[in-house]
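Listed here are the chains, written in short residue letters.
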Amino acid sequence: MDQVLEILIAVFLVIGGVFGLVGSFGLIKLNDAMSRLHAPTKATTLGVGGVLIASMLHAYAHEGHLSWHELLITLFLFLTAPITANFIAKAHIHRHETPDSLPVAGEDLKWATHDIAPEKQKSDSAPTDRS
Amino acid sequence: MITYATYFATACFGLGFLMNLWKIATAEGVGDRVLALDTMVINAIALMILYGLSRSTEIFFEAAMIIAMLGFVSTVAYARFMLRGNIIE
């Protein structure tokens, strides 16, 4: 039982380390800003998740009960990684893209960060100097 | 076996940390720097937890939690600053 737990901890540590390394390497390897966004937010978060699971199992092996702090950190990271990615992508769209350089935005007329919808534009006719 | 696995994971995350520092130094835009800083915070959390795992103490989890929260808030503040030019309007 102890041997199985030890192997499991080692496997989770190695998986987490490899994912973390891949995420950080993708940050310098990928050459487009928007594809560069994928590597850290997905791979590195998964790597940290693996390390945290290993830490949980380690606490179980040594003290006999699972510790839930790690799960809290994992949940927090998994919740906040997409939010930060969304914020950075939004900032990138605003700084480097124009509405013409972006692909077609489905059934909406424009991308949501770029413009408010046309009917809304008509209703509040007060000119806004900040766009 | 756990000791060597911990060494391996620490080496991986340490190498990733250095890559992020390199990216911060050589990135051509502000957005890349913010992204590299966010990744560096995540790597720092992983290194801290690995240190706590190798020392078998639980005191680093609270520190890691606080650093995770600070990293999130600082990244959101940076993104806000890039978008608007100020943080609290």
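It should be emphasised that the depicted structure is a prediction, and the values quoted were computed from it without experimental measurement. (Residues numbered from 1 in each chain as written. Chains lettered and ligands numbered in written order. Predicted model: local features only at pLDDT ≥ 70, side-chain atom pairs only at ≥ 80, totals over all residues.)

J.: What's the story with the overall build of chain A in this structure? I'm lost.
T.: Scanning chain A for helices and strands turns up five helices and zero strands. Along the chain direction, N to C, the helices and strands of chain A fall in the order α-α-α-α-α. Burial statistics for chain A: of 131 residues in total, 34% are counted as buried. (Helix = DSSP H or I, 4+ residues; strand = E, 2+ residues; numbered from the N terminus. Buried ≥ 20, exposed ≤ 12 C-beta atoms within 10 Å, placed from the backbone.)

J.: Quick question: what am I supposed to make of the overall build of chain B here?
T.: Scanning chain B from N- to C-terminus turns up three helices and zero strands. Going from N to C terminus, chain B has its helices and strands arranged as α-α-α. Against the globule reference of 12 Å for 89 residues, chain B gives a C-alpha radius of gyration of 15 Å, more extended than a compact globule. For chain B, the spread of C-alpha atoms along the three principal axes comes to 50 × 30 × 10 Å. Residue burial in chain B is summarised as follows: out of 89 residues, 40% are buried. Contacts in chain B between residues far apart in sequence, at least 24 positions, make up 45% of those at least 6 positions apart. (Rg over C-alpha atoms; globule rule 2.2 N^0.38 Å. Contact = placed C-beta atoms within 7 Å.)

J.: What's the story with the UniProt feature "transmembrane region" (unreviewed entry) in chain A in this structure? I'm lost.
T.: Residues and elements named next belong to chain A. In this numbering, the UniProt entry assigns the feature "transmembrane region" (unreviewed entry) to residues 6–31, 43–61 and 67–89. Secondary structure content for residues 6–31 is 92% helix and 0% strand, and the end C-alpha separation is 39 Å. As annotated, residues 43–61 comprises 100% helix and 0% strand, and the C-alpha atoms at either end are separated by 27 Å. (UniProt positions renumbered as here; feature names shortened; annotations may be inferred.)

J.: Can you help me understand helix 1 (residues 2–26) of chain B in this one?
T.: Think of an α-helix as 3.6 residues a turn; residues three or four steps apart then line up on the same face. Its 25 residues give helix 1 of chain B an end-to-end C-alpha distance of 36 Å, which sits within 8% of 36 Å, the value for a rise of 1.5 Å per residue. Among all positions in helix 1 of chain B, only Ala5(B), Thr6(B), Ala9(B), Cys12(B), Phe13(B), Gly16(B), Met19(B), Asn20(B) and Lys23(B) are buried. On its buried face, helix 1 of chain B is in contact with helix 1 (2–29) and helix 3 (38–63) of chain A together with helix 2 (30–55) of chain B. (Expected span 1.5 Å × (residues − 1).)

J.: Honestly, the interface of chain B and chain A in this entry has me stumped. Any pointers?
T.: A common way to state how big an interface is: give the accessible area lost once the parts meet. Taken together, the contacts link 41 residues of chain B with 44 residues of chain A. Contributing elements (two or more residues each) for the side of chain B that touches chain A: helix 1, helix 2 and helix 3 (59–84) of chain B. Here the side of chain B that touches chain A gets 14 residues from one element, more than from any other, and that element is helix 2 of chain B.

J.: What's the story with the confidence of the model for chain B in this structure? I'm lost.
T.: Detailed reading of the predicted coordinates is not advisable wherever pLDDT is low. Residue and element names in this part refer to chain B. With 99% of its residues at a pLDDT of at least 70, chain B reaches an overall mean of 88. Within chain B, no element has a lower average pLDDT than helix 3, which sits at 88, and none a higher one than helix 1, at 91. What the predictor reports for the complex is a pTM of 0.82 with an ipTM of 0.86. (pLDDT = per-residue confidence, 0-100.)

J.: Any chance you could explain the nonpolar core here in plain terms?
T.: A general tendency of soluble globular proteins is for nonpolar side chains to be buried together. Within the largest apolar cluster, 48 residues are counted, with the highest numbers of intra-cluster contacts made by Leu13(A), Val51(A), Ile88(A), Ala46(B), Ile49(B) and Leu50(B). The set of elements that each furnish at least two residues to this core consists of helix 1, helix 3 and helix 4 (69–96) of chain A together with helix 1, helix 2 and helix 3 of chain B. The contact partners of Leu13(A), leaving out residues within four places of it in the chain, are Val51(A), Ala54(A), Ala5(B), Thr6(B), Phe8(B) and Ala9(B). (Core = buried A, V, L, I, M, F, W, Y, C linked by C-beta atoms within 7 Å.)

J.: Sorry if this is basic, but what is going on with the UniProt feature "transmembrane region" (unreviewed entry) in chain B here?
T.: Residue and element names in this part refer to chain B. In this numbering, the UniProt entry assigns the feature "transmembrane region" (unreviewed entry) to residues 6–22, 34–53 and 59–79. For the annotated span residues 6–22, helix accounts for 100% and strand for 0% of the residues, and the straight-line distance between the end C-alpha atoms is 24 Å. Annotation note: span residues 59–79, helix share 100%, strand share 0%, distance between end C-alpha atoms 31 Å.

J.: Would you mind showing me how to read the packing of helix 1 of chain A against helix 1 of chain B here?
T.: Two packed helices can be described by the angle between their axes and the distance between those axes. The interhelical angle for the contact between helix 1 of chain A and helix 1 of chain B, taken along N-to-C directions, is 10°, at an axis separation of 8 Å. One element, helix 1 of chain A, and the other, helix 1 of chain B, form an angle in the roughly parallel class. In this structure, the crossing between helix 1 of chain A and helix 1 of chain B has a hand that is left-handed. Tallied by class, residues from the contact of helix 1 of chain A with helix 1 of chain B come to 18 nonpolar, eight polar and two charged. (Axes fitted to C-alpha atoms, helices over the stretch in contact; angles between N-to-C directions. Parallel < 35°, antiparallel > 145°, perpendicular 65-115°, else oblique. Left-handed = near helix turned anticlockwise from the far one by under 90°. Nonpolar A, V, L, I, M, F, W, Y, C, P; charged D, E, K, R; others polar.)

J.: Please explain helix 2 of chain B as it appears in this structure.
T.: Between the first and last C-alpha of helix 2 of chain B there are 37 Å, a value that for 26 residues agrees with the 38 Å anticipated at 1.5 Å per step. Phi for Ser56(B), located one or two positions after helix 2 of chain B, is positive at around 55°.

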